[in-house]
Amino acid sequence: MAKVRAVEREVHSSLVPACYGAVEEAHLRWMEGKDRDDGHDMFLLGPPGSYRRKVAMRYCEAARREVEHVVITRDTTEADLKQRKEVVDGNRTIYVDSAPIRAAMHGRILLLDGIEKAERNVLPTLNNLLENREVQLDDGRFLMSHVRFDALAATLKGGAAECRRRGLVRVAPTFRVIALGLPVPPFLGAPLDPPLRSRFQARFIATSVDSLAGAPRLAAAVAAVNLPPDGGRPRLPCISSDAVARMRALLELPAHARPTPADVFRRAYPIGVMNADPAVKDSVDALKKHFALDSPDTDRPRFESVDICTDAPARAAAHFAGGNGGAGSLILPSHGVVPEGMGHGMGSYVMTAPLRHFFGAVLQDLACGHDVCVVGPPGHGKSHFVRHLAGLLGYGEKVEYMFMYGDMTSRDLVQRRVTDTEGNTGWAVGAAVKAAREGALLVLDGLHRVPADLITVLAPLLQDRQLQLHGDGAGPEVLLRADRREVRGGRGGAVHPNFRVVALACPPSPKDVWLSEEFMSLFAVHTMPSWDDEALQDVLGKLHPSLHDAVVPPLVSLVARADSDGDGGAAALSLRQLLRAANAAARGKELDAGSQRQRAADTLARQLLIDSLPPEHKAQVLARLQSAFGDLPAGMGGSRARTITGTTRARDGKTVAFGDVVCPVAEPKNPERVPHVHFVEIERHMGVLAGLAEALFTRRERHLLLLGPQGVGKNRITDYMLQCLQWERVYMQLHRDTTVQQLTATPQLSDGVLTWRDSPLVTAVREGLCLVLDEADKAPLEVVVLLKSLVEDGHLLLADGRRIVRAGAAAAVAEGVIPVHPQFTMIVLANRPGFPFLGNDLFRECGDVFSVFSLDNPDADSEFHLLSSIAPTVDPVIIRRLVSAFADLRALNAAGRIQYPYSTRELLHIARHLHSDRSASLGDALNNVLSFDRLDPSAALLEPVFERHGIPVADVLSGDIDRSGVLPAWQRAQKVLCDVALSPSIRLGPPTRCGERRASQVVEVAAPHRRCAGTSLSMPQPAARPLLDLRYHRARKFSELLMTYQLPSKEGVVDMTIATSGTGSRTVFALSEQPVGIWAFPDPLASTSGVAECSVIRWGAYGSGVSGEAALVVNGKPVQAGNNQLARAGDGRVVAYVPGDTDPFVVVTIGREGGASLKALRLPQLFLRGRRTVEYFLCEVVVGSGASSTPTTPSAFFHPMNVVVLASPKERKVVCIDVAKQVYREVALGAGAPWMHISATTDGAAVEITTDTEVVRVVPYQAATPATIIVQRYEYIHADGASPADGGVGWMGATAAARVGSGCSAYTAAGADVAAWPRRAAPDAEAYPAAVTPGGLVVYANHATGGVGGVVDTATRTAKTLLTVPKDGTAVDSDCVVAVKCVDDAVDGPVAIVVTERGRVTCVQVGEQRLVPALVTYLRIRGVGGYVDKVLRDAPKNGRLWTAQDVTSRVGHLATAAGRAEHQHTKDRAATAPKEGKHDDDPHVGGNQYAGGSGGADTA
């Protein structure tokens, strides 16, 4: 290269570049010409990388030109380009010149690096300096060009001195500006401002690949990548000169440690993790295949171990074997610290085969002096890897952790502004400069979070090991590489040879494209290896040897791998979550494999927030967990709370137990910091407390995350736990404006000195307190992600320069270091992610570093107990209805039908209102909560939910409650009583004895088992259809009528039954025959009913050959249906009896909970050949519940009820069918009186056949003789003159019987005595007896109304007529009742459910004893509780029960009396002043409403 002429003057040697390598001579000659001859400013353009800077520095080195280097970022301000104020001597302000001003004054070269990154309004500050060499400074001085300055000095008397006295400063003629920038486009950045661009002379500096001459394949590949786009080929991300230099260095390693060319290319060009266009990736893949750079690295060297040499100078030797060069070692930087047991928990690091290769690859780059970036998904071990790497290399405490966040600026990395105790301002070095000077390992954790151009402020340090710092005014400071510092000297320090940078980042995404071409010029990119099953099992086996072998595979199968196809979102786990689940399972060493699997599954469900997921996503997660762990109990994660009765405190007060977790109680130094709350110990909350205590004291997890919707008790549970443990608490409320400084340390001005006030977080860390971070999801994510650095790494850099480090570290005694107290605990509270909570997704960003607990609204029993404790004076029935109504509202919210998630907090508001104001109605209390929704379009969905539970809210949602709420109590009572429309009761006298009942005989009939063949039926899938015209009639008016609705099938309903599942939910089944099908839907009366939808199961079509008759298809053969019936068959399932053309069979259907399937059981022996139909009746038998029965083997179809009975009056035959075993037995009863009724006993263990003179009880199974059927006969002996019942309904229990016929209304039997009431007590002549309840209620059906015609209560000796047709008229002509079923509802008592042949269903409350509590609850809901309490206090003492009519009449009497008293008080009060009445021109005499009258004191 030709020699460049040097400037002949004294220079500041530390600012003159040194030790820069060779560059292209043509660039230097061009720059020399612009500098010497033309005096132009220059702009060097080119692809990303340091080559442009190297060309500029090499020219300045050759010309011995001083350089003021300014790296431009988005944080660059006018003060960085002109002058900055500084405070000195405590009270004096001075101005310090910045680098551009110093360069202009001293004739240096100003190197502006990264022009395209400047904000639009910053660089115009230099426009006048570039154009005219003039600029006005803030301190009053004015810089002018040397030509004008010299001319002016020649005209002034004092010359140059006079010019300086006037504040004029001469710009040196050798001042030049060299700008470095990227072409925009195609690269990212801001385009050049035209006025700025026009002031430069530009030259393009291309990337050179000459250094790869020894690797022709790599050189050709790099050249192909950097080719400009041509035709249809897209532009590929370029490879910088720095990447080329790294490739050359790796290829020059010894053969035993040299990576393969394919591996070298991947590190320099990580297209696999870049978020590139598919066309770009395809082009790169084709290019790699063409140059054979896609072959597997089968001959790569194997990393073995690292030895640390503690002799000076300390170094580490990494041993490699294999490859193409045998065995050997690489020398790496080290501080000679041999870690004890691999400190920082590194002794537990498991080195799998992929990790061993990964370590070797990183060590190769570090040995070459390269900085590396590790890319991997969150929670996959990046932080743990870098800690282990630092321990392997012997860095000890020489590790600087820098957690990156979105609000970070370039000053946080390099230098930040500080104020000393005297008030003087200055600069303090950042973590990067500190690490460079000390030779530390700088860890940049979370590089993907910061703006893409922020890291470029470190580009000179990373690429050249050189960085110019802000000076203190005494002279320039430049951080130089050690060899350059030896040559040039100066201030600023040297970069230690051991200095390395390891960056950690997550893979780029379409919304976060951080891995740019410029970034690839700074780091060698390494992708964290994915975890295969073998590696994961190896890790779990070595970390937790107590884990059973059956537990490891399910855990491994759930880990999200980097090479997954993208469906891992359903139940994808990070490695961090996997280890937490394995740790939880392994702590139960004494547990068997099943218990460990259960504990691991429960921990994973909790970590995945299964209770907070949308229904479809939750189903996917449960399916994944089910496939991995097998059968799981209901309520995984958070909803399956432990059964904890309460806390147990030791007598000495030193321990407290939450369930089986015993926790020590602390002795607080500051008792005022211990929270004190009123807490009701309910089961759900105590289960959560036990889980929190187990995490803190059993698993030793110090940082918890409690997620849940609003108002479920997150704060109350946390405070109560701290209160029991006597832990001191500090509290922080986060919000959307929370900053990093507020979370860590906040600056404040005190006596003119800037000081820093520690946040509660720092206080808790230092003193070992419990920090409660509330509403953490409301804070910006770039703020709360700082918690990851503290929780996971134990390091956090504060804004004032202090560092939080792990407890026990050697650096803990150093100044500016805060060790983490061993007792420091953090509990983070946040709402669950997603709508309608308007927060950020905290769980997605850093949730896996915490032990996660999900808290939802309590279950119904827990919520009822909580409200009852808070409001003990409120009627428990009202509380139960509120709890059920709000449960339905939450179900609507979960289904996405309403937006607001109603919580326990709203229920507590309502309960407290009712407790504090006994005269308030439930509508008044609900108005405080539902006023928010008055104008919400979804409010229409709220009214039917509350009405289903008997809570009127129409006035609340319409606003009428605001007007009616001001009525006096007596007027409100009278208004409410107008809405009570009860049928009158007839009191029955004592019954007449009409005979006795005697047990006549007990016979054991041999009945061998016979096989009945099962045949599967073809049928379509069940279809869901909504119930029609669903109305709740008790919300606005009170009567016996509860509800009416219409089945979707309006024709051919023939039977109905109601089944109760093992969980207590009721399902209504209706059988239709046009076509044949079963309609199944949850009973709308049940308090937990959701959306009323019918699931229809059809297996037949309209008649084949016979009009109006249905047909079944069995093995392809149509079979006509006959007398169809329906019966229960266990746990929400039913049996349909559908006699066919020649053979009857029982069709089995599994209810909604278990899907649907059909099976036909043929019973050919039941019929005589040649007969078309035979009349049989279907009954149900509960096997296993009776004292004299024997349970059979449970089956998938029926459990515990799996026996049905067919009884034929004509054949006088009973057939007992075990549907589970597909066997049946039959018994003939012989000749006798005609059968009147066939039914099952109340315990379901037997079938009773009622005749005029006897009752025959058939017990299907007997414990002693299971092969026989027991037949027991009861004979009725009529008294003289008594008229026998000749038809109706029969029922017989253990102690009493009731039957209805034409001769009497009902009769009861107590022991052997039989008593009857005369027929005149029958409630309705059109009604006929349809059902009898176990409590002695005889229910009548009425064909004329299609509902309940009346009821006789044999217990209270009352009867009433119930014309249960709504006033709007829904009765249908000729709509006969086909079935009446009675259920004992927990809230409304015995309820008769009536279904007609056209599918209309009516629900009526038939029990007088439960009608009174229902009426009392209704009156209290409507705000008449005060009068009701007075009535109940005056209840009769003679044991006589009050009817509902008695209650209403007495409440009306009290209200009328109160109204009269108020009226009399108003009438008798004295006149205090004349009233002003109406005015007119006529005279008025006497009391009237016109002014001027001569009436009494109260007249106008």
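Description of the structure in this document. (Residues numbered from 1 in each chain as written. Predicted model: local features only at pLDDT ≥ 70, side-chain atom pairs only at ≥ 80, totals over all residues. Heavy atoms only, no water.)

**Some thoughts on the overall build of the protein**
Point 1. When its secondary structure is counted, the protein shows 42 helices and 73 strands.
Point 2. Residues classed as buried in the protein amount to 55% of the 1500 residues present.
Point 3. Contacts in the protein between residues at least 24 apart in sequence constitute 66% of all its contacts with a sequence separation of at least 6.
Point 4. Summing over all exposed atoms, the protein offers an accessible surface of approximately 61,900 Å²; the carbon and sulfur share of this is 51%. (Helix = DSSP H or I, 4+ residues; strand = E, 2+ residues; numbered from the N terminus. Buried < 20%, exposed > 50% of the residue type's maximum accessible area, 1.4 Å probe, protein only. Contact = heavy atoms within 4.5 Å. Areas by Shrake-Rupley, 256 points an atom, 1.4 Å probe, with all protein chains shown as cover.)

**Regarding the state of the cysteines**
Point 1. Using the criterion set out here, one finds zero disulfides in the structure.
Point 2. For the unlinked cysteine Cys663, the closest cysteine sulfur is that of Cys724, found at 9.3 Å.
Point 3. Taking the relative accessible area as the measure of exposure, Cys663 reaches 0% and is therefore buried. (Disulfide = S-S within 2.5 Å.)

**What about helix α4 (residues 99–106)?**
Point 1. Taken across its eight residues, α4 has six buried, putting it largely inside the fold.
Point 2. Those residues of α4 that fall on the buried side of the exposure criterion are Ala99, Pro100, Ile101, Arg102, Ala103 and Ala104.
Point 3. Directly after α4, the chain includes Gly107, whose backbone phi takes a positive value near 70°.

**Examining a negative patch on the surface**
Point 1. Among the surface-exposed residues, Asp277, Asp282, Asp285 and Asp294 lie close enough to one another that they form a single negatively charged patch.
Point 2. Looking at the element boundaries, Asp285 is found in helix α12 (residues 278–290). (Patch = residues over 30% accessible without salt bridge, like charges linked within 9 Å, V, L, I, M, F, W, Y side chains within 5 Å. Salt bridge = Lys/Arg side-chain N within 4 Å of Asp/Glu carboxyl O. Lys, Arg positive; Asp, Glu negative; His and termini not counted. Charge placed at Lys NZ, Arg CZ, Asp CG, Glu CD.)

**A short note on the side chain of Glu477**
Point 1. On the secondary structure map, Glu477 appears in strand β20 (residues 477–481).
Point 2. With relative accessibility at 14%, the residue Glu477 sits in the buried group.
Point 3. Among residues more than four places away in sequence, those in contact with Glu477 are Arg437, Gln468, Leu469, His470, Gly471, Asp472, Arg491 and Gly492.

**Side note on helix α23 (residues 593–607)**
An α-helical segment advances 3.6 residues per turn. Residues three or four places apart therefore align on the same side.
Point 1. Over its 15 residues, α23 runs 21 Å from end to end, which matches the ideal 21 Å to within 8%, given 1.5 Å per residue.
Point 2. Once α23 ends, the next one or two residues include Leu609, with phi positive near 55°. (Expected span 1.5 Å × (residues − 1).)

**What to know about the nonpolar core**
Point 1. Counting residues in hydrophobic clusters, the biggest one holds 174 residues, and the most contacted among them are Leu444 and Leu761.
Point 2. If near-sequence neighbours (up to four positions away) are discounted, Leu761 is found in contact with Met732, Leu743, Leu771, Leu787, Leu790, Leu796 and Ile804.
Point 3. Val680, Leu866, Leu907 and Leu957 belong to the second largest nonpolar core, which has 37 residues in total. (Core = buried A, V, L, I, M, F, W, Y, C linked by side-chain atoms within 4.5 Å.)

**As for the pattern of salt bridges**
Point 1. The full count for this structure, using the stated rule, is 58 salt bridges.
Point 2. With its nearest N and O atoms 3.3 Å apart, the salt bridge here joins Lys82 to Glu78.
Point 3. Glu400 is the partner of Arg803 in a salt bridge, and the nearest nitrogen-oxygen pair spans 3.5 Å. A residue pair is termed long-range when its members are at least 10 positions apart, and Arg803 in strand β33 (residues 803–805) and Glu400 in strand β15 (residues 399–403) qualify at 403 residues.
Point 4. For Glu400, a relative accessible area of 3% puts it in the buried group.
Point 5. Here the residues in one salt-bridge network are Lys398, Glu400, Lys434, Glu438 and Arg803, joined through shared partners.

**A closer look at the sheet that holds strand β7 (residues 142–145)**
Point 1. Judged by pairing direction, the sheet is mixed, and its three strands sit side by side in the order β6-β7-β8 without closing on themselves. Edge strands, defined here as strands with exactly one partner in the open sheet, are β6 (135–136) and β8 (168–171).
Point 2. Running over the sheet, α4 touches β6, β7 and β8 and is turned about 75° from β8.
Point 3. Contacts from helix α6 (residues 146–155) reach β7 and β8 within the one sheet, and its direction differs from that of β7 by about 95°. (Pairing = 2+ DSSP bridges. Axes fitted to C-alpha atoms, helices over the stretch in contact; angles between N-to-C directions.)

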